[in-house]
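Each chain is listed here by its residues.
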Amino acid sequence: MPDVSIALSAKDKVSSILKKVGQISGETADEIDKLQDSLDTLSSAKVDLKTNLDKVRQQVSEARKEFRKLGDSVSEQNYKDKLSELEKLEQQYYAVSKSIRMVENEETSLAGTRSKLSNREAGGSSGSMLGTVGSALATAGFGDMLSNSLSGAAGAFFSSYYGTTDGAAIESFLGSAISGATMGASAGMMVAGPTGAAIGAAAGTLIGAVSGGIEAATQKFTEKDEAFKAYVQEATEGVLEEQAAALTSGSEIAGSREQTKMAFAKALGGDEAADAYLEQVREMATRTNYTYDEITAYTKQLLNSYAPDEILSVLGDLSDATAGLNLNGSDVSLWVSGLNRMRITDKATLEYLNYFSERGLNVYEALSQALGVQESAVQDLISDGKVSGTQAADAILDYIGEQYGGLSDRLASSYEGLMGNIEDANADLQAAMGEGYNEARKAGLQEQLDWMNGEMGASMQQAYEQIGAFQASLENTREQMVRDAMDAVMTGVMPEDGFEAQLARLQEMAEEYASAASIAAAQPADSTAAQQAQADMGRLLAEAQVMAQNEYNASEGAQILLESQLTLAQQVAADTSADATYYNAGLRLGQQYTKGISAAIASYRPQTITIPVVTGSIGTSAGVATGTFVGKTTGSHLTGATSPYRAIGENRVPRDNTLYLLHEGERVLTAREARAQDQGGTGGVNIYMGGNYTVRQDSDIGAIAEAVAARILAARRTLR
């Protein structure tokens, strides 16, 4: 279900625009209505897409983990499909967001249209044919026609060149200027003829240009403000949605790890041992290709054949082999199973060894080195049962360490490895949030459980039983009334209870039904008469059902239910109205999203700082200021002359002991240096411009002057 607050916010974005509808033509108002409908549809689609995006992102993460674990073609294809689905959804979300902005811009443009003065009354007569014709043309609206045409053409060009926003601003400026000129010319023509027309056109152009400039600036600010508000809302809601998703995921992860801890506490001899081991698991997951869950799953198998302090070393060797042989989670799981079986049975069979050899590990070379025999002799030794499972498992791990030792570190620094480790680290963060939530929530869950299983729970069960019996009685009554009405129509037997007001109509319907049934039975099935009779039978039965529903609505039980619901609504309204905080939370948040740049600037306060305050006189020692200072915490309320902030500098320090916050790269001068700089500098600067200079043309004079000025400025910087 779409988030109502988002939909309302989308409508609020154009509320100021819609207020202007009454000021524009009916045709433009219809266009705005259509745009509003489009905006509502797009806003709803955006909400749905956002929800689906969050779901698909989670599915991509799960598919990625599954592919890393199994490594088969099915999981790989599923991972690619989810990535493709995510990409399509992101493109759709971007397209919808862009469309919403386009619709809002178009709506703003339409709402900003001003009604043109198309009918003017003659304010006087110039007494000339030209004045009469000019007044007539103005009254007919030809000035507006020209204004609209020229501004439209200019708008199309400038929108193409500068973009929609700047193009619309220029169009508004030019349109108002041209419209003002035509209106001024018309007014002047009526007052003073051609001379008045010229004066009026000039004045109208100026007034129109000013008006158009104001309107263009307002329009540009409005668009920026809307973009600002949209960004604030999307950023806020995005963060909140991500946090909610992280909490849900973290709660699940923490719950799973809690169960894992219970199992390990049993296997390792207590909670303390389990905590210590699982902390090592967590650390290993963040630096290897394993996930937390994979390590714990492998550990559960290896605990049958290895000591707890050996398992992580074994998994470290297998991680090195994973990097060297490009193994996946399914391969590692099979190797863990092979090592476990060989050590439990203490037998090295060809089946177990094939787990390794079929995945690229030369187990025969490994056993050859461990046993000190030729590779060709290893298989016979295995077949004769002369190699124990423990020997084989140790030989395989030693060989892996020799051939691939340290490669897991290189794998961890690869893109794939870093992505996997980031997922593990993120899972730890989510688990921390989930653990905090679960631990706090347990108390509430236990209290709820105690309440439900206690005395009040028993009372609630009795109440629910009575509520259920009442609902069942209503359904039974409704179904009985439907049966009675249907029976009355089909058999002619009228109901014994109820239907007092409908008995006469039921009798008529029974007669009509009997007649229709007789015709349907007597006439050929495909005849018009039979088909009409069959349609009448269906109509009569449908009417009987509606009649039964109406009778049920008027029944005593249905009326009791209705009165109960009305009373509930009234009581809820009365209780809610007692305190505005009960119902205005969503309204307040929605209103906050409608606040733009102006509200943000007005509410900005600089950060609180600590400013040292001089409590005594300041002296100097070896050029360094000395004195007594006391730290005083000041708030961000300092403004104007009392503020230590001078982002654009300070031309002159107004009084002694004034404090400032300086920034890197700025320069502070003494009073003497400042006066010297104000006076253009004191003392002489010798500039040596070796060589002879010949002025051949006027431009040489400027070039020489520029060179001299550059040397002087460089010398002054050196002296400072």
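These numbers come from a predicted model, not from an experiment.

The rules behind each value
Residues numbered from 1 in each chain as written. Predicted model: local features only at pLDDT ≥ 70, side-chain atom pairs only at ≥ 80, totals over all residues. Heavy atoms only, no water. Helix = DSSP H or I, 4+ residues; strand = E, 2+ residues; numbered from the N terminus. Buried < 20%, exposed > 50% of the residue type's maximum accessible area, 1.4 Å probe, protein only. Contact = heavy atoms within 4.5 Å. Areas by Shrake-Rupley, 256 points an atom, 1.4 Å probe, with all protein chains shown as cover. Lys, Arg positive; Asp, Glu negative; His and termini not counted. Salt bridge = Lys/Arg side-chain N within 4 Å of Asp/Glu carboxyl O. Polar contact = N/O pair within 3.5 Å; in protein donor to acceptor, adjacent residues only side chain to side chain. pLDDT = per-residue confidence, 0-100. Core = buried A, V, L, I, M, F, W, Y, C linked by side-chain atoms within 4.5 Å. Phe/Tyr/Trp six-rings, centres within 6.5 Å; stacked < 30°, edge-to-face > 60°. Lys NZ or Arg CZ within 6 Å of the ring centre and 35° of its normal. Axes fitted to C-alpha atoms, helices over the stretch in contact; angles between N-to-C directions. Parallel < 35°, antiparallel > 145°, perpendicular 65-115°, else oblique. Left-handed = near helix turned anticlockwise from the far one by under 90°. Nonpolar A, V, L, I, M, F, W, Y, C, P; charged D, E, K, R; others polar. Arc of directions from axis to C-beta.

## Overview of the overall build of the chain
When helices and strands are tallied, the chain shows 25 helices and 4 strands. Counting over 720 residues, the chain shows a buried share of 31%. Once local pairs closer than 6 in sequence are excluded, the contacts in the chain between residues at least 24 apart make up 64%. Approximately 44200 Å² of the chain is accessible, and the part contributed by carbon and sulfur atoms is 55%.

## Description of the side chain of Asp-320
Note on placement: Asp-320 falls in helix α10 (residues 308-325). Buried Asp-320, no salt bridge; nearest opposite-charge side chain is Arg-287, N-O distance 7.8 Å. In this structure the side chain of Asp-320 is engaged in a polar contact, spanning 2.7 Å, whose partner is the side chain of Ser-408.

## Notes on the environment of Leu-315
Here Leu-315 is to be found in helix α10. Taking C-alpha positions, Leu-315 is 9.8 Å from Leu-397, a pair spaced 82 residues apart along the chain. When residues no more than four places from it in sequence are discounted, the contact partners of Leu-315 are Met-284, Tyr-290, Ile-295, Tyr-298, Thr-299, Leu-302 and Val-336.

## Let's talk about the confidence of the model for the chain
In the predicted model, the chain carries a mean pLDDT of 76, and 67% of its residues have values of at least 70. The least confident element of the chain, judged by mean pLDDT, is helix α1 (residues 4-12) at 38; the most confident is helix α18 (residues 455-491) at 95. Predicted confidence for residues 1-26 stays below pLDDT 50, and this span has 40 contacts to residues more than four positions away or in other chains.

## Some points on the nonpolar core
Within the largest apolar cluster, 48 residues are counted, with the highest numbers of intra-cluster contacts made by Leu-315, Leu-318, Leu-339, Met-342, Phe-356 and Leu-361. Among the elements that line this core, the one with the most residues is helix α15 (residues 389-404), at 8 residues. Among all residues touching Leu-361, those that are not within four sequence positions of it are Leu-325, Trp-335, Phe-356, Ile-396, Tyr-399, Ile-400 and Tyr-404. Counting residues in each nonpolar core, the second largest holds 21 residues, with Met-481, Met-486, Val-489 and Leu-506 among its members.

## Here we look at the packing of aromatic side chains
As enumerated under the stated definition, the model contains 4 aromatic pairs in all. Look at Tyr-290 and Tyr-298: their rings are 5.7 Å apart centre to centre, the planes differ by 75°, and that puts the pair in the edge-to-face class. Judged by relative accessible area, Tyr-290 falls into the buried class, the value being 1%. Judged by centre distance (6.1 Å) and plane angle (45°), the ring pair of Tyr-352 and Tyr-355 falls under tilted. Placement of both Tyr-352 and Tyr-355 in helix α12 (residues 350-357) is noted, with a separation of 3 residues, approximately one turn of the helix. You can call Tyr-355 buried: its relative accessible area is 12%. Positioned above the aromatic ring of Tyr-292 is the side chain of Arg-257, whose terminal nitrogen or guanidinium carbon lies 3.8 Å from the ring centre. The ring of Tyr-306 carries Arg-343 above its face, with NZ or CZ at 3.9 Å from the centroid.

## Considerations on the packing of helix α8 (residues 271-285) against helix α9 (residues 292-302)
At a minimum axis distance of 8 Å, the contact between α8 and α9 shows a crossing angle of 130°. On the basis of the axis angle, α8 is oblique to α9. As α8 packs across α9, the resulting crossing turns out to be right-handed. Between α8 and α9, the contacting residues are Tyr-277, Leu-278, Val-281, Arg-282, Met-284 and Ala-285 on the first element and Tyr-292, Ile-295, Thr-296 and Thr-299 on the second. A breakdown of the residues in the contact of α8 with α9 according to their chemical character gives 7 nonpolar, 2 polar and 1 charged.

## Details of the pattern of salt bridges
Applying the stated criterion across every chain, the model contains 17 salt bridges. Note that Arg-359 is salt-bridged to Glu-358, the shortest N-O span being 3.7 Å. Under the relative-accessibility criterion, Glu-358 is labelled exposed at 59%. Residue Glu-512 is joined to Arg-505 by a salt bridge in which the shortest nitrogen-to-oxygen separation is 3.3 Å. Looking at Arg-505, the relative accessible area reads 25%, which means it is partly exposed. Taken together, the shared-partner salt bridges connect Arg-505, Glu-508, Glu-512, Asp-536, Arg-539 and Glu-543 into one network.

## Re the environment of Gln-502
Its location among the elements puts Gln-502 in the loop between α18 and α19 (503-522). Separated by 17 residues in the primary sequence, Gln-502 and Ala-485 place their C-alpha atoms 9.7 Å from one another.

## Focus on α12
Helical geometry note: an α-helix holds 3.6 residues per turn, so side chains three or four residues apart project in the same direction. For α12, the full list of buried residues reads Tyr-352, Leu-353, Tyr-355 and Phe-356. The buried residues of α12 all sit within an arc of 140° when viewed along its axis, so they share a single face. For α12, the elements touching its buried residues are α11 (329-345), α13 (363-371), α14 (375-383) and α15.

## What about the packing of α10 against α15?
Closest axis-to-axis distance for the α10/α15 pair is 9 Å, and the angle between their directions is 50°. Relative to α15, the element α10 is oriented oblique. In this structure, α10 crosses over α15, and the sense of that crossing is left-handed. Contacts from Val-314, Asp-317, Leu-318, Asp-320, Ala-321, Gly-324 and Leu-325 in α10 reach Leu-397, Ile-400 and Tyr-404 in α15.

## Focus: α13
The complete set of buried residues in α13 reads Val-363, Tyr-364, Ala-366, Leu-367 and Ser-368. Tucked into the core, α13 has its buried residues touching α12, α14 and α15. At the exit of α13 stands Gly-372, carrying a positive phi of roughly 75°.

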